[in-house]
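One letter stands for each residue in the lines below.
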Amino acid sequence: MTGITDAVRRSTELRKPLTALINKGCVPVGGIFRLDYDSAVVLTDDFKKHEAGGVPRGGFLLAVAGQNTDSGFILEDQEVILLRVRGTAPLPNESELIQTRLAVVRDAGASGVGFDDVTDVLTRNELQQSAFDCEVLGTFYTETDARDAQIEYGADIDNVVVSARYQVFLPSTEVLSWLASYPEPVDQRDALAIGKVRFAATRRKALIAGTDQADVRVDVSDFIGRKTAVFGMTRTGKSNTIKTLVTAVHRYGSEHKRSIGQLIFDPQGEYANVNKQDKTGLRLLGDDDSAVRIYKVEPDSADSREKPLRINFYDREVLDAGWSLVSEATAPVNTNYGKDFRSAILSEPDRNDRSAYNRWGWAMVAFYGLLAKCGFQGSSLPQELVIAAQSAPMNAFMAANSGAVTQAGRPGSYRVLTPVGALALAEWVGERPDDFPKWHERSNCHFVDIWSVYKYTGVTSAIRTIRAFHGAQSAGDVGEHLWQDMLAGRLAIVDLSSGNDKVAKVMSERIVTHLLNRASERFRADDDPVDMQIIVEEAHNLFERGGRDVADDPWVRLSKEAAKYRMGLIYATQEVTSVDKRILSNTSNWLIAHLNSDHETRELAHYYDFKVWAPSIMRAEDIGFVRMKTYSGKFIVPAQIAKFDHAMVNDARKAAGLASIDSQGEGE
């Protein structure tokens, strides 16, 4: 009867959650002989490590108190201490072992025989002993002993037992996947298999043991409405990671019938276009502009997904955007006239303030004329520009320049008809200060500040570099078009590859500011927020570390205000130090690939326990090898990110009700 009772008891124990976990193929590697609240030293030997398939640095170990039985390992209590291997630790008799090993090596070398030939069995067993220095990550436990109890996790241990009761196990492939994916989302549709567990650049032992097949699953919702950092040198897989995340969020939105807009700032054009090698691309997530829109300087009119990334610089609805681009383009011209030029204020004043409105009109004549001088085409002005001027000198101008301006009704009021007309008038007025004295009053008017740069090729040449972003037929603000895309839950890609870095910076900042302002309007009106994600590649070209106040820096504003607006941010860069600390401090998800500078890893070490991984981050250059900490994840998990492929695209297309595509990007 006693035997039957024990068998029933063991059977019951083995079905408890954590006992069952340890018995899922976990391999014993030793035991703890020193434990405190932060660290543990694990005694092991070469035989156990060999049988376990190797124990990598950074690997997970499970420490449990219990006993081996014929049925399996029975835990004394339903708790498991999670350890991470930091390195090796000296044994108490380390000095004696070193002396013995030295003697063995010397004797074997002198006699020309193997090491085993100069030692006995007991000595060999003693020499094979070693120890791991481990970090205590936390404790898995259940609040009750019930078989259906939920496994909880605490990021510490609540008791230290000094007796040698803890046995230590190396997780099996199944258990390793469970650890790396803990906690899994309630809805399994939200679990993204982002890659495989990977502890080391050298993978031979993992391949033999099969642990290289341990999936890492993340909760896609962790990346929605939160900040995500993707750090790594060029060609270490940042873009592949971003494509995987964007596709997963797109699929998530379709599966949950939830509209989630995604906006990608693409400095190299790699997201806007299909990859020539493997024929994959984010544009394949949709077949028309109802799902995907790609904003380019030179869009393909045959593809409805491609839209013009241009503004009409003569359109007063986007005057602020045009003036910002012009000012930024001329920033390298650091002369007095260049500074005076950029100090001009072109915001339209109240029409009821006749004096201010007249002076603004004169400055606009100079600005439109400058654009025309720099080759910005336009047959007309989208909005009427009416100016005030003295009749006598204007009659002389009109006589010499037929069709440039016309009378606008009352005496002294004139309508500028075209950009070319504005250029002619600006040059005429600029050369005749005595005939137009008020136009030349620099304290009250910006006409001279703008007209003065006409003759300096440094300024005009700089302005010509942004002509590609001018479209005479373009209507409205790209920022507003993108806001409508976010409302509709589209994927929008802004291809900035045709402009210089400064233009890309100004364009992206204006768009982000516009989206923030529109989101703020909805928030103040008590309307539901719009779910959207903003993805920034080569973020070091856009972010300014501590450069401006929050109100002036849209990226810092985004990090501060975005949570209440449900705006997420994914930013990728190779320079951790280029990112404002206010953004880093509000980042929830971290994916860190190879960085080659300890300057960058030292900055990274301020967050979570990335300091432990700094040597590996600097040494291992493998593409797609990242150290990952997610919002719901309890600890850093090293992983090999899966390659973005057609299967991912087709999963997202299927969720959206679209037909699959083949490896050539065509329908199957």
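In this report, we go over the structure that sits alongside the text.

What counts as what
Residues numbered from 1 in each chain as written. Predicted model: local features only at pLDDT ≥ 70, side-chain atom pairs only at ≥ 80, totals over all residues. Heavy atoms only, no water. Helix = DSSP H or I, 4+ residues; strand = E, 2+ residues; numbered from the N terminus. Rg over C-alpha atoms; globule rule 2.2 N^0.38 Å. Contact = heavy atoms within 4.5 Å. Areas by Shrake-Rupley, 256 points an atom, 1.4 Å probe, with all protein chains shown as cover. Lys, Arg positive; Asp, Glu negative; His and termini not counted. Charge placed at Lys NZ, Arg CZ, Asp CG, Glu CD. Phe/Tyr/Trp six-rings, centres within 6.5 Å; stacked < 30°, edge-to-face > 60°. Buried < 20%, exposed > 50% of the residue type's maximum accessible area, 1.4 Å probe, protein only. Salt bridge = Lys/Arg side-chain N within 4 Å of Asp/Glu carboxyl O. Axes fitted to C-alpha atoms, helices over the stretch in contact; angles between N-to-C directions. Parallel < 35°, antiparallel > 145°, perpendicular 65-115°, else oblique. Left-handed = near helix turned anticlockwise from the far one by under 90°. Pairing = 2+ DSSP bridges. Polar contact = N/O pair within 3.5 Å; in protein donor to acceptor, adjacent residues only side chain to side chain. Arc of directions from axis to C-beta. Disulfide = S-S within 2.5 Å.

### Describing the overall build of the protein chain
Logical step 1: The helix and strand inventory of the protein chain stands at 22 helices and 23 strands.
Logical step 2: In terms of overall dimensions, the protein chain is more spread out than a globule: its C-alpha atoms have a radius of gyration of 34 Å, far above the 26 Å expected for 668 residues.
Logical step 3: Within the protein chain, counting contacts between residues at least 6 apart in sequence, those at least 24 apart form 71% of the total.
Logical step 4: Carbon and sulfur atoms provide 47% of the accessible area of the protein chain, an area that totals close to 29600 Å².
Logical step 5: Of the charged side chains in the protein chain, 78 are positive and 91 negative; the average position of the first set lies 3 Å away from that of the second.

### Considering the packing of aromatic side chains
Logical step 1: A full pass over the atoms with the stated rule returns 27 aromatic pairs.
Logical step 2: With 5.1 Å between their ring centres and 90° between their planes, Phe 140 and Tyr 182 make a pair best called edge-to-face. On the criterion of sequence distance, the pair formed by Phe 140 in strand S6 (residues 129–142) and Tyr 182 in the loop between helix H6 (173–180) and strand S9 (191–197) is long-range, its members being 42 residues apart.
Logical step 3: Judged by relative accessible area, Phe 140 falls into the buried class, the value being 0%.

### Some points on the pattern of salt bridges
Logical step 1: Counted under the stated rule, the structure contains 35 salt bridges.
Logical step 2: A salt bridge links Arg 442 to Asp 340, with the nearest nitrogen and oxygen atoms 3.6 Å apart. Separated by 102 residues along the polypeptide, Arg 442 in the loop between helix H13 (419–430) and helix H14 (447–451) and Asp 340 in helix H10 (residues 336–342) bring together distant segments of the chain.
Logical step 3: On the basis of relative accessibility, which here comes to 43%, the residue Arg 442 falls in the partly exposed class.
Logical step 4: Across the pair Arg 510 and Asp 477 runs a salt bridge whose closest N-O atoms are separated by 3.5 Å. Remark: Asp 477 occurs in the loop between helix H15 (457–464) and helix H16 (478–488) and Arg 510 occurs in helix H17 (residues 501–524); sequence separation between them is 33 residues.

### Digging into the environment of Val 64
Logical step 1: Locating Val 64 in the fold gives a position in strand S3 (residues 60–68).
Logical step 2: Taking the C-alpha atoms as reference points, Val 64 and Ile 22, separated by 42 residues in sequence, lie 8.7 Å from one another.
Logical step 3: When near neighbours in sequence (up to four residues on either side) are disregarded, Val 64 contacts Ile 22, Phe 73, Leu 75, Glu 79, Val 80, Arg 165, Tyr 166, Gln 167 and Phe 169.

### Quick word on the packing of helix H9 (residues 319–329) against H17
Logical step 1: Contact geometry for H9 and H17: axes closest at 9 Å, N-to-C directions at 150°. By the angle class used here, H9 and H17 are roughly antiparallel. In the packing of H9 onto H17, the handedness of the crossing is right-handed. Listed contacts from H17 to Asp 320, Ala 321, Ser 324, Leu 325 and Glu 328 of H9 are Lys 502, Val 503, Val 506, Met 507 and Arg 510.

### Some words on the packing of helix H8 (residues 238–255) against helix H22 (residues 646–655)
Logical step 1: Between H8 and H22, whose axes approach to 8 Å, the crossing angle comes to 20°. Taken as axis vectors, H8 and H22 run roughly parallel relative to one another. Viewed along their axes, H8 and H22 form a crossing whose handedness is left-handed. Between H8 and H22, the residues in contact are Thr 244, Thr 247, His 250, Arg 251, Ser 254 and Glu 255 and Met 648, Val 649, Asp 651, Ala 652 and Ala 655, respectively.

### Here we look at the side chain of Arg 653
Logical step 1: Along the chain, the position of Arg 653 falls in helix H22.
Logical step 2: Once residues lying within four places of it in the same chain are set aside, the contact partners of Arg 653 are Leu 284, Leu 285, Gly 286, Asp 287, Leu 658, Ala 659, Ser 660 and Ile 661.

### Observations concerning the sheet that holds strand S19 (residues 532–536)
Logical step 1: Read from one edge to the other, the open sheet built from 12 strands follows the order S10-S9-S23-S22-S21-S11-S20-S19-S12-S18-S13-S14, with strand pairing classed as mixed. Whereas interior strands pair on both sides, the edge strands pair on one side only; in this sheet they are strand S10 (215–219) and strand S14 (306–308). Neighbour-to-neighbour, the strand axes of the sheet open up by a mean angle of 30°, direction not taken into account.
Logical step 2: In terms of strand pairing, strand S13 (residues 292–296) meets strand S18 (residues 491–495) through four bridges, oriented parallel. Residue pairing for S18: Ile 294 is matched across the bridge by Ile 493.
Logical step 3: Strands in contact with H16 are strand S12 (261–266), S13, S14, S18 and S19; relative to S13, the strand with the most contacts, it is inclined by about 165°.

### Quick look at H22
Logical step 1: If you check which residues of H22 are buried, you get His 646, Met 648, Val 649, Asn 650, Ala 652 and Arg 653.
Logical step 2: Structurally, H22 contributes buried residues whose contacts are with H8.
Logical step 3: The N-capping residue of H22, defined by a side-chain oxygen 3.2 Å from the backbone nitrogen of Ala 647, is Asp 645.
Logical step 4: Just downstream of H22, Gly 657 is the residue with a positive phi angle, here 80°.

### A short note on H16
Logical step 1: Those residues of H16 that sit buried are Val 478, Gly 479, Leu 482, Trp 483, Asp 485 and Met 486. The arc that holds every buried residue of H16, seen down its axis, measures 155°, which confines them to one face.
Logical step 2: Turning to H16, the residues buried within the fold contact S12, S13, S14, S18, H17 and S19.
Logical step 3: By the N-cap criterion, in which a side-chain oxygen at the helix start approaches the backbone nitrogen of a residue two or three places on, H16 is capped by Asp 477, the distance to Gly 479 being 3.0 Å.
Logical step 4: The positive-phi residue at the C-terminal boundary of H16 is Gly 489, with phi of around 75°.

### Details of the sheet that holds strand S16 (residues 405–407)
Logical step 1: Spatial ordering of the open sheet is given by S15-S17-S16, a layout of three strands whose pairing is antiparallel. If you trace the sheet from one side to the other, it starts and ends with strand S15 (385–388) and S16, each paired once. Adjacent strand axes in the sheet meet at a mean angle of 35° when their direction is disregarded.
Logical step 2: With three bridges connecting them, S16 and strand S17 (residues 413–416) associate as antiparallel partners. Bridge pairing links Val 405 to Val 416 in S17.
Logical step 3: Sitting on the sheet, helix H11 (residues 354–373) is in contact with S15 and S17, with an inclination near 120° to S15.

### Some words on the state of the cysteines
Logical step 1: As enumerated under the stated definition, the model contains zero disulfides in all.
Logical step 2: Unpaired in terms of disulfides, Cys 134 finds its nearest cysteine sulfur in Cys 26, a separation of 15 Å.
Logical step 3: The class for Cys 134 is buried, based on a relative accessible area of 0%.
Logical step 4: Take Cys 374: it sits in no disulfide, and the sulfur closest to it among the cysteines is that of Cys 445, at 19 Å.

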